[in-house]
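Listed below are the residues making up each chain.
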Amino acid sequence: MTDRAELAIRQVLLQDADAAVLPPGLVAHVRRRVRRRRRTQVTGVALTLVVAVGAAAALAAARQGPQAVQPVVPPLVVQPGPAVSVVSVGQVKALVGGARLERAAVVDDGAVRMAPTAQQPVLTEDEAVRLWAAASPAGSQQIVTPPVVFLADVTVSVPVQPAGAVFGPVHQPRFDHRLAWVVVWDRTGLFYYCPYGSASSTAASAHTGQAQAPPDAISQVQMIGADASGEAVVYSTASAPCSRVVPAHADIALYDLSLPWTSSTGVDGSPVVSVVVPDCAVLGASSTVRSRVAAQTQVSAEVLMVRRPCAGTSHSTVPLTPPGVGRGQPTPTATLLPGHGPTGLTLGRVTSQSGGGSLTYFDGSDHTLFA
Amino acid sequence: VEFDEYVAARGAAMLRFARVLTGEQAGAEDLLQAALVDVYTHWSKVQGADRPDAYLRRVMVNRHLSWRRRRSSSELVVSPERIASSAVQEGDVDVDVAVGVADRDQARRILAALPPRARTMVVLRFYADLGDVEIAEMLGVTASTVRSTASRALSTLRAVLDAEPVPGVPHD
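Residues numbered from 1 in each chain as written. Chains lettered and ligands numbered in written order. Predicted model: local features only at pLDDT ≥ 70, side-chain atom pairs only at ≥ 80, totals over all residues. Heavy atoms only, no water.

Novice: How should I be thinking about the overall build of chain A in this particular structure?
Specialist: Helices and strands together make up the secondary structure of chain A, namely four helices and 23 strands. Summarising the internal contacts of chain A: among those between residues at least 6 apart in sequence, 68% fall at separations of at least 24. In the structure as shown, chain A presents an accessible area of about 18300 Å², 59% of it carried by carbon and sulfur atoms. (Helix = DSSP H or I, 4+ residues; strand = E, 2+ residues; numbered from the N terminus. Contact = heavy atoms within 4.5 Å. Areas by Shrake-Rupley, 256 points an atom, 1.4 Å probe, with all protein chains shown as cover.)

In structure tokens form, the structure reads like this:
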């Protein structure tokens, strides 16, 4: 006999299943991944050979004495013509070579303008990608589609929203013909959990007013000052989560740091973690990752990407609060587990969840960062 | 059946299964895609099998459990400032409008709190309608473990529902 509890479970599972939306181009994605996997296997063998040859060469060079290493900067190839209005990540991809924009482009009728530039960045591409990818607290990851990364001269002509009160007064970053690392990505795969009764929203329906938006329609463009000032702005195109239209807007970008912590006991005897928070950061969340053999706790802080000193620190303690404490459920006792998670920039944005997460991005060719 | 034809015919159903397994859309897409990559590389064998659905489901279950073993967030600490800044306003949430919504809400909480292996057992039993023996074979456990896990999940939910009777719904 099916009772009320079983019925509820079956209904929830069916509701969840009904919310699933098959992404377009699934077979093509699968084929691409298989090709990439085969290429990686071949590259792995080739890399082993290259490393062996490289090591031999380095040994030979060391015997001959020190030599100045010149950075390899690919030549900028600028395509002629007026600025292209781009609405999809695929269109942006076609304009990028050697991590540089090769033709002027605009997003949303000029809300963001990007032009090719031959200037040299202080912040490296790798540092910029890692800052962008660190936009989720330690222990949590958001899966995104592979972003496109390039250097450009950028102007953001919409006002940047003020930071939340939790961050205190800040100097608003400005991007007016400024050299910046640009990261462009789309919202494919995003799913909004909508309140009961409202329509759910997925990538396909996210762009209101664009009935025929491309499947890889640009959702966000992040500009990170290439002068290593720490300033960054993220521009979001219009969307419609849960049938509620959210117009395009620009915000100050954030990144997450995993902080070192020590365990202690609070005044009421409950377990707490003590952390040292940099002045430029605000304490965020923490998570504990358990496996059969070990457990790791990570405590995160969020850094607003504005020009502000970050040398000072402050001490904070955070009580452990187990999740799932709901109506009618007894409050379980929190247990502080031993083990420290990795500290530093998180890898919060990933393109694949397998193996703990990795990030693939395009700057003229594909690169992958592993967690 | 060619791979493309199979995905066209069964892709949506398999994504639904991945969705209930993971509890989220993005994770479901990633899981299905990863499983299809595995299946695609052995398609000539899978094609000849009697039940490619069962094979793909098994690949998804194994991948899901191994991913979850690597990382699973089980505790959350939130600073008071963060709670204040991200608190949901009461007016933002719709009030329950139908009988059974509260039950489903509790069921959702209990499902979300289940360890991955237990959730997988519940999904295989109540969504995929597999028998205890079949589930046990798939997960490498005994049939009695499957029975007791499903029974524990149901008992927990029953206890919670009994503690909070929904107005207008008669129950013991």
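Additional details are given in the paragraphs that follow.
Novice: Before we go on, may I ask you to explain the overall build of chain B in this structure?
Specialist: Per the secondary structure count, chain B includes nine helices and one strand. Helices and strands appear in chain B in the N-to-C order α-α-α-α-β-α-α-α-α-α. Counting across all 172 residues of chain B, residues that qualify as buried make up 45%. Across chain B, every contact between residues at least 6 apart in sequence was considered, and the portion connecting residues at least 24 apart equals 63%. With the model as given, the accessible surface of chain B reaches about 8500 Å², and the carbon-plus-sulfur share is 52%. (Buried < 20%, exposed > 50% of the residue type's maximum accessible area, 1.4 Å probe, protein only.)

Novice: So what exactly am I meant to see when it comes to the packing of aromatic side chains here?
Specialist: Two aromatic rings are characterised by how far apart their centres lie and by the angle between their planes. Per the stated rule, a full pass over the model turns up four aromatic pairs over all chains. With 5.4 Å between their ring centres and 45° between their planes, Tyr 6 of chain B and Trp 43 of chain B make a pair best called tilted. Taken as a pair, Tyr 6 of chain B in helix α1 (residues 3-22) and Trp 43 of chain B in helix α3 (residues 43-48) lie far apart in primary sequence, 37 residues in all. Through a chain of ring-to-ring contacts, three or more aromatic side chains come together here, namely Phe 3, Tyr 6, Tyr 40 and Trp 43 of chain B. Above the face of the Phe 362 of chain A ring, Lys 93 of chain A is positioned so that its terminal group lies 4.7 Å from the ring centre. Of note, Arg 178 of chain A hangs over the ring of Phe 175 of chain A, and the distance from its end group to the ring centre comes to 4.5 Å. (Phe/Tyr/Trp six-rings, centres within 6.5 Å; stacked < 30°, edge-to-face > 60°. Lys NZ or Arg CZ within 6 Å of the ring centre and 35° of its normal.)

Novice: Would you mind showing me how to read the confidence of the model for chain A here?
Specialist: The share of residues in chain A with pLDDT of 70 or more is 67%, and the mean pLDDT across the chain is 74. The low-confidence segment residues 197-210 of chain A, where pLDDT is below 50, has 38 contacts with residues more than four positions distant or belonging to other chains. (pLDDT = per-residue confidence, 0-100.)

Novice: Honestly, the pattern of salt bridges in this entry has me stumped. Any pointers?
Specialist: Think of it this way: side chains of opposite charge can pair up when their charged atoms draw near. This structure, assessed with the given rule, holds 16 salt bridges over all chains. Through salt bridges with shared partners, a single network forms among Arg 178, Asp 227, Glu 231 and Arg 307 of chain A. (Salt bridge = Lys/Arg side-chain N within 4 Å of Asp/Glu carboxyl O.)

Novice: Just to check I follow, could you spell out unusual backbone geometry for this structure?
Specialist: Peptide bonds are mostly trans, and most non-glycine residues show a negative phi. All names here are of chain A. Positive phi values are uncommon outside glycine, yet Ala 99 reaches one of about 60°. When you line up the elements, Ala 99 lands in the loop between β2 (96-97) and β3 (100-101). Notably, His 177 is not glycine yet its phi reads approximately 50°, a positive angle. Within the fold, His 177 resides in the loop between β7 (148-156) and β8 (178-186).

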